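Single-letter residue listing:
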Amino acid sequence: MRMGEFSRRTGVSQRLVRYYEEQGLLKPSRRPSGYREFTEEDMATVRGIRMLLGAGLNTATIAELMPCMVDDGQTLAPACSGMLPDLNRERERIDEAVAGLLAARDRLDTVIAATALTGGADPEACHAAVAAQRPGDAAVAPLGTPV
């Protein structure tokens, strides 16, 4: 099948299909005219790529892992246990990112809680605080006010 139909059937834009090819993730055959020709196997490859992207892996890592993956039609699985260290490394990277996001959310919750305790809903109080931080700057407008 040609690019347009492949794109429709996979739900992946033609631009993204070309990107997957540039990254070495997808290797469609070429007609003598230069047009790409895709197969059902290429559709399975795109499903696998999308699944691994959804799992948080980047395209460089996917390019390393895809040749060693088996697609049973439902999910991807490593063809050998030698891939487990790479998959575990990616899981640890994601765990670290999640921990960083949770810490950032906790810090934001602290700021929100402190704002609620001080009654920080008064825009004039915000104006006074900003003006106090910039002595001599009388042109400071209250937050939310166009300058």
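This text follows the structure it describes.
Rules behind the numbers
Residues numbered from 1 in each chain as written. Predicted model: local features only at pLDDT ≥ 70, side-chain atom pairs only at ≥ 80, totals over all residues. Heavy atoms only, no water. Disulfide = S-S within 2.5 Å. Buried < 20%, exposed > 50% of the residue type's maximum accessible area, 1.4 Å probe, protein only. Helix = DSSP H or I, 4+ residues; strand = E, 2+ residues; numbered from the N terminus. Contact = heavy atoms within 4.5 Å. Arc of directions from axis to C-beta.

A.B. asks: Would you take a moment to explain the state of the cysteines for this structure?
C.D. replies: One covalent bond between the sulfur atoms of two cysteine residues makes up a disulfide. Summed over the entire model, instances satisfying the criterion amount to zero disulfides. Free cysteine: Cys 68, not disulfide-bonded; nearest cysteine sulfur from Cys 80 at 5.5 Å. Taking relative accessible area as the criterion, Cys 68 reaches 31% and is therefore assigned partly exposed. A residue is classified by how much of its surface remains accessible, and Cys 80, at 40% relative accessible area, is partly exposed.

A.B. asks: Before we go on, may I ask you to explain the side chain of Thr 45 in this structure?
C.D. replies: With respect to the helices and strands, Thr 45 occurs in helix H3 (residues 40–54). In this structure, Thr 45 is in contact with Leu 25, Leu 26 and Met 66, ignoring residues within four places of it in sequence.

A.B. asks: What am I meant to see in helix H2 (residues 14–22) here?
C.D. replies: Helical geometry note: an α-helix holds 3.6 residues per turn, so side chains three or four residues apart project in the same direction. Regarding H2, the residues found buried are Val 17, Tyr 20 and Glu 21. Take H2 and look down its axis: the buried residues cluster within an arc of 100°, on one side only. Turned more than 90 degrees away from the buried face of H2, the exposed residues are Arg 15 and Glu 22. Check the buried side of H2 and you find it contacts helix H1 (3–10), strand E1 (29–30), strand E2 (36–37) and H3. Downstream of H2 by one or two residues, Gly 24 has phi in the positive range, about 80°.

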